[in-house]
Amino acid sequence: MANFPKRLLATVGAAALALPLTATYAASPADPDRRAREVLARMTREEKIALLHGRMLSLIAQAKRPEGVTVGAGFVEGVPRLGIPPQVSTDASLGVSNLLDMRRGDVATALPSGLALAATWDPGLVREGGRMIGSEARAKGFNVMLAGGVNLVRDPRSGRNFEYLGEDPLLAGTLAGAQIDGVQSNHVVSTIKHFALNDQEIGRSSASVQMDEAAMRESDLLAFEIGIEKGNPGAVMCGYNKIGGTYSCENPFLLTQVLRSDWGFKGFVMSDWGAVHSLGSLQAGLDQQQGEQIDAKRWLSTELVAALDAGRVPESAVDIAALRILRTLYAHGLDTSGPLKSEIDFETNGAIARRAAEEGIVMLRNPTSLLPIAASVQTIAVIGGHADIGVLSGGGSSQVAPVGGFRKIEPVRGGPAAAFGRKGYGGTPPLDAIRASFPTARVVFVDGADPEAAAKAARSADIAIVFGEKHATEADDQRDLSLDAGQDALIDAVTSANPRSVVVLETGNAVVMPWAQKAGAILVAWFPGQHGGEAIADVLAGKVNPSGRLPVTFPTGTDQLPNPVMPGSDLPPPSKDERITYGVNTNSPPFEIRYPEGSDVGYRWFDRQSKQPAYAFGYGLSYTTFTYSDLTVEGGKTLSVRFAVTNAGTVAGADVPQVYVRLEGKAKRLIGWQKVRLAPGEKRIVTLKADRRLLGHYDTARQRWAVPAGRATVELARSANDPVLTSAARISAATILP
Ligand code: BGC
């Protein structure tokens, strides 16, 4: 018999199976465990196994699909006779996606990308976004949302960074928790994903991340740990990659030791689509195989039945998994929360997407106060970036068909992303929004295909606004950090022709900007979602004071990165006969990914190496100025920090004062921040307390966090490399269980 965790078997075996078959459902929803045990006791093996695997209805002929079920990413049958609801899932973190138009013409409110959400540094707003997308999921008939993407940004070439929440575990974990909490406020179960270290796309289903345990616990795992604590997701989605040679979805260290034993996670583990490779995954802690048609075998259905019959897997293993799923459905009220389908108020929801886009725009440069543009401006040249069509969105499973639909959509060519990566433009075209914001100006548009024509238009306008794009998609990584072909030359020509040129970037990642010093102003709008056009115009016109701060470091080039050559990017490209389904290349060669930065991700790596990036983590400008004063730090068990922020300028605005700690011999670390909205002249006191895990390290030998006694230097800063005030305090030694 396979080696199943004995402790778990004992609990489930005794509790669930001892219940009488006639148990009634008197238990309150507040006691999902009891309810789950009672229901489990009444289920047949077949019914239990039905919960353990999900199908992609999009791959099933219409006539064979279950009636009335919305087609999304996954479908898990329910058990009507016991009132167990089916699980109908949709992607993802940025809204209800509609991959490859599987529900013909169906649209949803498109939030800005994850990096834009992270750039707001505002958990309240991110929660509101989560609540909104969760409500749309529910209204469309879904009750599981594959949101909560929290993989850390380790390499600015990774194709999926746009879905995630930046490079810092505290920031990303806090925001993921807020998003999940918002989604789940609709009686929709959210995932947190992709567990873990699925931090690049090249070789995503064949590469193995080699990292020591302490480094993992202090970085990517910490982001998940915080996200789970704050968001209480019903499910964890295990990723495609291997860790230490073992696939994430069959990795007992990840799924049983860390997640269940150490963190006490009570929900269930679902696989990513096409990420299961053996029945051993059940034994390791996987509860649900999703997208089963694209795996080599139906491990948690056909294969499982055969193994049970042959006595190779104990029946109680099925009980463990089914119980975790059931208790999650009950804990989140999926069985009692009423009819699924309803009307959506797209106008109200659109306002949330717009606010998120506004708050996520980061102003990198404005040396001569070119921005905001005066209402009296007479001529504006808008150039490039398909600004006449819409805003760019990232490709893959998270891509949302925005309200109004895509105005232009084209497949990416070549590589594993070709199957489903799409370059889509939608939402309000920035050109229209700019025209509406400057009604008395003459606004001309040139598409930017000819840099000379663009330069000419820029020269004859008071102000030029030139858009720069870099597309990104799931299932592939970017080859470099430059804007998409031809655009650096275009921006160079425009900024050379007219110093009063504003560059607006729509990218899924940090990029290099060889023309930066020539630009009159630079705005990073990321993939700004369906109301990104209006948000950009409002920042340009000063109706919105920019308050976004970078959630990732912008390096000067790939030579500053821990891996100047991205792991796997130098391997031969896939040959034609390789099997590529759903962005998963099942034949790609195995290779190892090593991250020299370990837990010193992003700005911590730059700090450790004493390197100056182009723009630091946490950086962003405003139309007003903020001053910091009265920093006090109290030590002891943790660090308690208090300071004052004042808006010393003449317009209202929001600031994000950040607190970093530097401990003996270690790279600095973010321990807190607050987004503070202030009227001119207004002053606010901010108090923060450090999470003690951030003051120590993970002691692998003792399997706990260790905080050594010592002196901590605390920086109150505008960004990771711009401390304004510094103080210090002693912290006392402590150990903390994970
Ligand atoms: C992605 C997941 C997604 C799933 C279902 C996979 O390709 O990695 O994030 O939830 O597909 O669409």
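Quick caveat, the model's predicted, so the values are computed rather than measured.

(A) Representation of the pairing of strand 4 (residues 189-195) in the model. With 7 of its 7 residues buried, strand 4 lies for the most part within the structure. Here 2 bridges tie strand 3 (residues 144-146) to strand 4, and the two strands are oriented parallel to one another. Across the sheet, the residue bridging to Val 144 is Val 189, located in strand 4. Since strand 3 and strand 4 lie parallel, the crossover through helix 6 (residues 169-184) that links them has a hand, and here it is right-handed. Looking at chain direction, strand 4 and strand 6 (residues 235-238) are connected through 4 bridges and run parallel. Counterpart to Thr 191 in the pairing with strand 6 is Ala 235.

(B) Molecular detail of the packing of helix 15 (residues 451-459) against helix 16 (residues 487-497). The N-to-C vectors of helix 15 and helix 16 enclose an angle of 30°; their axes lie 8 Å apart at closest approach. Judged on the interaxial angle alone, helix 16 and helix 15 are roughly parallel. The hand of the helix 15/helix 16 crossing is right-handed. Facing Pro 451, Ala 454, Ala 455, Ala 458 and Arg 459 of helix 15, the residues of helix 16 in contact are Ala 489, Leu 490, Ala 493, Val 494 and Ala 497. In terms of residue class, the contact of helix 15 with helix 16 is made up of 9 nonpolar, no polar and 1 charged.

(C) Examining helix 9 (residues 252-262) more closely. Counting buried positions over the 11 residues of helix 9 gives 8, a clear majority of the element. Two residues or fewer past helix 9, Gly 264 is found with a positive phi of approximately 70°.

(D) Representation of the domain arrangement of the chain in the model. Domains assigned within the chain are domain 1 (6-331), domain 2 (350-541) and domain 3 (626-736). Counting from both sides, the interface comprises 40 residues of domain 1 and, opposite them, 42 residues of domain 2. Both faces combined, the contact of domain 1 with domain 2 buries some 3,200 Å², and carbon together with sulfur accounts for 64% of it. When residues of domain 1 are sorted by the area they lose upon contact with domain 2, Leu 125, Arg 157 and Phe 162 head the list and together hold 18% of the total. Joining domain 1 to domain 2, the criterion identifies 2 salt bridges. Arg 204 serves as the salt-bridge partner of Glu 474, at 2.9 Å between the closest nitrogen and oxygen.

(E) Representation of a negative patch on the surface in the model. Together, Asp 388, Asp 432, Asp 447, Asp 450 and Glu 452 make up a negatively charged patch on the protein surface. Mapped onto the elements of the fold, Glu 452 is located in helix 15.

(F) Focus on unusual backbone geometry. At the junction of Phe 195 and Ala 196, the peptide bond is cis and its omega measures out at -5° in the coordinates. With respect to the element layout, Ala 196 can be found in the loop between strand 4 and strand 5 (207-210). A cis amide bond, omega -5°, links Leu 371 with the succeeding residue Pro 372. Structurally, Pro 372 can be placed in the loop between strand 10 (362-365) and strand 11 (379-383).

(G) Main features of the sheet that holds strand 21 (residues 591-594). Taken together, 4 strands build an open sheet; the order of strands is 8-7-5-21 and the sheet is mixed. The sheet terminates laterally at strand 8 (246-247) and strand 21, the two strands that pair on one side only. Relative to strand 8, strand 7 (residues 242-243) runs antiparallel, the two being bridged by 2 bridges. Following the sheet pairing, Ile 243 is matched in strand 8 by Thr 246.

(H) Representation of the nonpolar core. By size, the foremost hydrophobic cluster in this structure holds 156 residues, and its most contacted members are Ile 84, Phe 195 and Leu 639. A per-element tally of this core places helix 12 (residues 315-331) first, with 9 residues. If near-sequence neighbours (up to four positions away) are discounted, Phe 195 is found in contact with Leu 221, Phe 224, Val 236, Met 237, Cys 238, Gly 239, Ser 248, Leu 254, Leu 255, Leu 259 and Trp 263.

What counts and what doesn't
- Residues numbered from 1 in each chain as written.
- Predicted model: local features only at pLDDT ≥ 70, side-chain atom pairs only at ≥ 80, totals over all residues.
- Heavy atoms only, no water.
- Buried < 20%, exposed > 50% of the residue type's maximum accessible area, 1.4 Å probe, protein only.
- Helix = DSSP H or I, 4+ residues; strand = E, 2+ residues; numbered from the N terminus.
- Pairing = 2+ DSSP bridges.
- Right-handed = clockwise from strand over helix to strand, strands pointing away.
- Axes fitted to C-alpha atoms, helices over the stretch in contact; angles between N-to-C directions.
- Parallel < 35°, antiparallel > 145°, perpendicular 65-115°, else oblique.
- Left-handed = near helix turned anticlockwise from the far one by under 90°.
- Contact = heavy atoms within 4.5 Å.
- Nonpolar A, V, L, I, M, F, W, Y, C, P; charged D, E, K, R; others polar.
- Domains from an automatic or database assignment.
- Buried area = accessible area lost by both parts, 1.4 Å probe.
- Salt bridge = Lys/Arg side-chain N within 4 Å of Asp/Glu carboxyl O.
- Patch = residues over 30% accessible without salt bridge, like charges linked within 9 Å, V, L, I, M, F, W, Y side chains within 5 Å.
- Areas by Shrake-Rupley, 256 points an atom, 1.4 Å probe, with all protein chains shown as cover.
- Lys, Arg positive; Asp, Glu negative; His and termini not counted.
- Charge placed at Lys NZ, Arg CZ, Asp CG, Glu CD.
- Core = buried A, V, L, I, M, F, W, Y, C linked by side-chain atoms within 4.5 Å.

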